Every structure is written in C-alpha cells, then in structure tokens.
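Each chain, written out:
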Amino acid sequence: MSLMKTSINTAERSDRHLDQMAFDPQLTPGARNAVRVCLRVQASEKVTVITDEVSLEIGAALVRELEEVGCRYQTWVLEDVAVRPLTDLPLAIAEDLESSQVSIFAVQAQTNELKSRMQMTDVVNRRKIRHAHMVNINKRIMLEGMRADFQKVDRLSVKVLETVRKAKQIRAKTPAGTDLVADLSPNYRWVKTSGIISPEKWGNLPGGEVFTTPGEVNGTFVIDGVVGDYLCAKFGDLKSNPLTIQVKGNRVIAAHSANKELKDDFWAYTHTDENSNRVGEFAIGTNIELKDVIGEILQDEKYPGVHIAFGNPYGAHTGAEWYSSTHIDVVGRSFDIWVDDDQIMRGGQFLIET
C-alpha cells in the first residue's frame with residue numbers, strides 16, 4: 001500500500017521522512033495506545049499527521065505505528081510549510097484533511113496560534129474526522145499519561161457522565177480555598193472525551209474528562225495546578241505560587257497572585273475579546289491513572305478534579321451559541337466535589353465505583 005509521506009503540492013511539501021527517523025523506543029507504548037486504542041486506525045483509512053520541529057521524535061513514533069497498521073498517511077512539519085507562529089492553518093494541510101478519516105496534531109503551541117487550531121478543528125468537525133489533539137505533547141506525557149488504560153478511564157468517564165447529566169448544580173472545594181458553584185443548563189450538552197475518540201467528538205490525548213458549557217458559575221478558584229494555552233509553558237506548575245480568581249455571573253472579575261506577571265498575563269488573555277472572560281467550559285477530569293499535576297496542561301486538565309476554561313465554549317459539541325476567539329483552562333488540586341447533594345469526590349479521589 002502506498003504511503004503518502006510528503007505533500008502533493010511540491011511548492012509547500014515537507015521533505016522530512018518521519019518513517020526513517022530514529023526515536024526513543026520508550027515512546028512506543030504511548031504511540032501504540034494513540035493509534036491502536038484511542039483512534040483505532042484501520043488499514044483501509046488515510047491519516048493526516050501534523051507535527052513540528054520540537055515534536056519530530058514523537059511524530060516518528062506515531063508514524064511507525066501507522067506503518068505497522070498498514071494505512072495510508074501524510075505527514076506535515078509545520079515549519080516546512082509556514083512561518084510560525086501560525087496566523088492561519090496552511091491551506092495545503094486543510095486540503096489534506098478533507099480526504100482523511102483520522103488526524104493527529106502533535107505540536108508545541110506558540111503564542112496566538114489558537115485561531116489556526118480552531119480552523120483545523122472546524123474541518124475536523126465538519127468532516128467528522130477522528131482527531132487526536134496532542135498540543136504541547138512531550139516525552140514525559142508520552143511516558144505517563146499516554147500509557148494509561150484508556151478503556152478503564154472510559155468506564156469511569158461513562159459513570160461520571162451518567163451522574164452529571166441529571167444534575168442541576170455542582171459544587172467544588174479544595175483545601176487551598178477554591179469554593180465554586182456551577183449551575184447547569186439543560187440547554188447545554190455534556191461531552192465525554194475519555195481518550196476513546198469517535199467521529200462525533202475529537203479529543204485531546206491523553207484523554208480523560210467530561211465537560212459542558214455551564215449555565216452560570218460563581219465563586220473562588222485557586223489555581224494551584226496550571227493555566228492553559230501558551231501561559232502553561234511560561235509559568236508551569238503553580239503549586240508554590242498560585243493564582244486566585246473570582247468568578248461572578250460566569251465572568252472572571254478579579255485575579256490575584258504574588259507573581260504579578262502571571263496575574264497580568266492571565267488578565268490580558270481573558271480580556272482579548274468580549275467573551276474571553278466568560279466561563280465556556282466546566283469539566284471534571286477522569287484520568288485516574290494520573291498521580292499529580294506536572295505543569296503540562298495537555299495532561300493536567302485530565303487529572304481528577306474540576307477545571308474550568310474561559311473563552312470558547314466548543315459550541316459545536318455543547319450547544320452553546322456564543323463564541324470567543326480564545327480558550328484558556330485553569331486547573332487546581334485535591335478537590336471535593338458534590339453533584340447536587342451527592343459527593344462524588346473527596347480529596348481528589350473518586351467515590352464512584354466502576
């Protein structure tokens with residue numbers, strides 16, 4: 001079976017041969033999990049693989065698994081086809097996605113590239129591509145979160161989904177001072193992204209969360225885990241220097257931290273457009289294979305507990321009809337969670353039996 005290893009458009013082609021590139025064999029279990037378990041790639045399918053200079057070794061490990069499956073695939077190294085940070089998704093990649101059933105995006109995010117990623121997921125949603133979103137993937141995540149038993153994570157995620165779908169309110173508290181109440185809207189759908197990816201919903205890898213757009217969120221959130229997007233790489237694990245935010249009527253109204261740069265950057269990000277400060281996502285992490293926050297948002301937002309995001313509500317999936325050009329997650333630690341009057345988590349441990 002022929003392998004489409006370079007772009008058909010020779011003016012924009014990538015001359016990297018990821019199938020010939022050496023990589024650390026420790027990456028193989030995580031790559032195999034992604035291709036065989038999470039995406040369930042079949043030999044009859046075509047896959048688009050998008051990576052970058054920093055993530056080439058991980059891209060090579062993923063390509064090796066695709067070769068073993070025997071499917072067609074096409075690889076793209078972003079720096080070979082566009083100047084970064086990307087202002088838009090390169091047209092050649094968008095066109096390639098149109099003929100793929102599966103796609104993998106294993107790339108390190110750069111400042112202000114969210115628009116280009118949204119353009120990519122617009123194609124993914126329209127074409128119902130099984131898409132693995134691996135933004136800021138690195139070797140540690142490949143050796144930890146990507147080695148999870150995603151069938152086990154999925155079973156728990158289904159149980160949590162069954163519980164929250166019927167709820168009117170969720171309350172979350174932590175020893176650090178988080179005390180947050182989310183009133184839920186029957187107009188918005190809950191979505192499961194457990195790592196088992198379907199044509200109906202692309203997913204981050206590693207997976208493990210259920211999320212919705214909330215009706216209204218109020219209270220205090222002490223971010224002693226991580227903040228998302230490109231701020232994550234800049235500030236890392238916030239355990240020793242947290243950011244505390246106040247949310248009222250679904251909007252962030254105040255932020256405080258001993259790290260003034262963190263506070264200022266977060267405040268600027270959440271005031272990019274008219275809905276950048278609006279809670280667009282309320283989520284519960286369900287990846288019980290994770291032992292702690294590591295300072296990497298791709299993995300840490302799956303850590304058991306509550307996380308919320310300001311900005312884009314992923315309305316194509318949740319049913320929310322408003323929009324934002326930004327999306328930033330915030331993660332804490334050691335949650336107690338009540339769904340209506342029933343406690344489902346204590347000290348970061350689920351009380352739900354699977």
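Notes on the structure follow. Everything quoted here is computed from the prediction, not taken from an experiment.

### Some remarks on the sheet that holds strand 8 (residues 203-204)
In spatial order, the strands read 2-1-3-4-8; together these 5 strands make up an open sheet with parallel pairing. Sheet topology places strand 2 (72-77) and strand 8 at the edges, where each strand pairs with a single neighbour. Sheet topology places strand 3 (residues 102-107) next to strand 4 (residues 130-135); 6 bridges connect them, and they run parallel. Across the sheet, the residue bridging to alanine 106 is methionine 134, located in strand 4. In the packing of helix 2 (residues 56-69) onto the sheet, the strands contacted are strand 1 (46-51), strand 2, strand 3 and strand 4, and the crossing angle to strand 2 comes to about 175°. Sheet strands in contact with helix 5 (residues 114-127) are strand 1, strand 3 and strand 4, and its direction is about 165° off that of strand 4.

### Notes on the pairing of strand 17 (residues 336-339)
Of the two faces of strand 17, the one lined by Ile337 and Val339 is fully buried and the one lined by Asp336 and Trp338 carries no buried residue. Alignment of strand 5 (residues 169-173) against strand 17, held across 4 bridges, turns out to be antiparallel. Each bridged residue has a counterpart across the sheet, and for lysine 173 the counterpart in strand 17 is aspartate 336. One ladder, built from 3 bridges, connects strand 17 with strand 18 (residues 342-346); its direction is antiparallel. Directly across from isoleucine 337, in strand 18, lies its bridge partner methionine 345.

### Re the nonpolar core
If you look at the biggest cluster of nonpolar residues, it comprises 44 residues, and the most contacted ones within it are Ile245, Phe266, Ile284 and Phe310. Ranked by the residues each element gives to this core, the list is headed by helix 7 (residues 150-164), at 4 residues. With near-sequence residues (within four places) excluded, isoleucine 284 lies in contact with Val160, Val164, Ile170, Gly208, Glu209, Val210, Gly305, Val306, Ile337, Ile344 and Phe350.

### A short note on the sheet that holds strand 9 (residues 209-212)
The antiparallel open sheet is built from 6 strands, whose spatial order is 7-9-14-15-16-11. Each edge of the open sheet carries a strand with a single partner, namely strand 7 (191-193) and strand 11 (226-227). Where strand 11 meets strand 16 (residues 327-331), 2 bridges bridge the pair, whose relative direction is antiparallel. Across the sheet, the residue bridging to valine 227 is valine 330, located in strand 16. Sheet contacts for helix 9 (residues 260-269): strand 11, strand 15 (305-311) and strand 16; angle to strand 16, the most-contacted strand, approximately 140°.

### What to know about unusual backbone geometry
Cis peptide bonds are those with omega within 30 degrees of zero, and the linkage from arginine 84 to proline 85 qualifies with 5°. Within the secondary structure layout, proline 85 lies in the loop between helix 3 (78-81) and helix 4 (91-97). For the bond from leucine 205 to proline 206, the omega torsion is 0°, close enough to zero to count as cis. By the element assignment, proline 206 lies in the loop between strand 8 and strand 9. Unlike most non-glycine residues, asparagine 136 shows phi in positive territory, near 65°. Secondary-structure assignment places asparagine 136 in the loop between strand 4 and helix 6 (139-143). Look at serine 334: it is not a glycine, yet its phi comes out positive at around 55°. Relative to the helices and strands, serine 334 resides in the loop between strand 16 and strand 17. A relative accessible area of 33% places serine 334 in the partly exposed class.

Cut-offs and rules
Residues numbered from 1 in each chain as written. Predicted model: local features only at pLDDT ≥ 70, side-chain atom pairs only at ≥ 80, totals over all residues. Heavy atoms only, no water. Pairing = 2+ DSSP bridges. Helix = DSSP H or I, 4+ residues; strand = E, 2+ residues; numbered from the N terminus. Contact = heavy atoms within 4.5 Å. Axes fitted to C-alpha atoms, helices over the stretch in contact; angles between N-to-C directions. Buried < 20%, exposed > 50% of the residue type's maximum accessible area, 1.4 Å probe, protein only. Core = buried A, V, L, I, M, F, W, Y, C linked by side-chain atoms within 4.5 Å.

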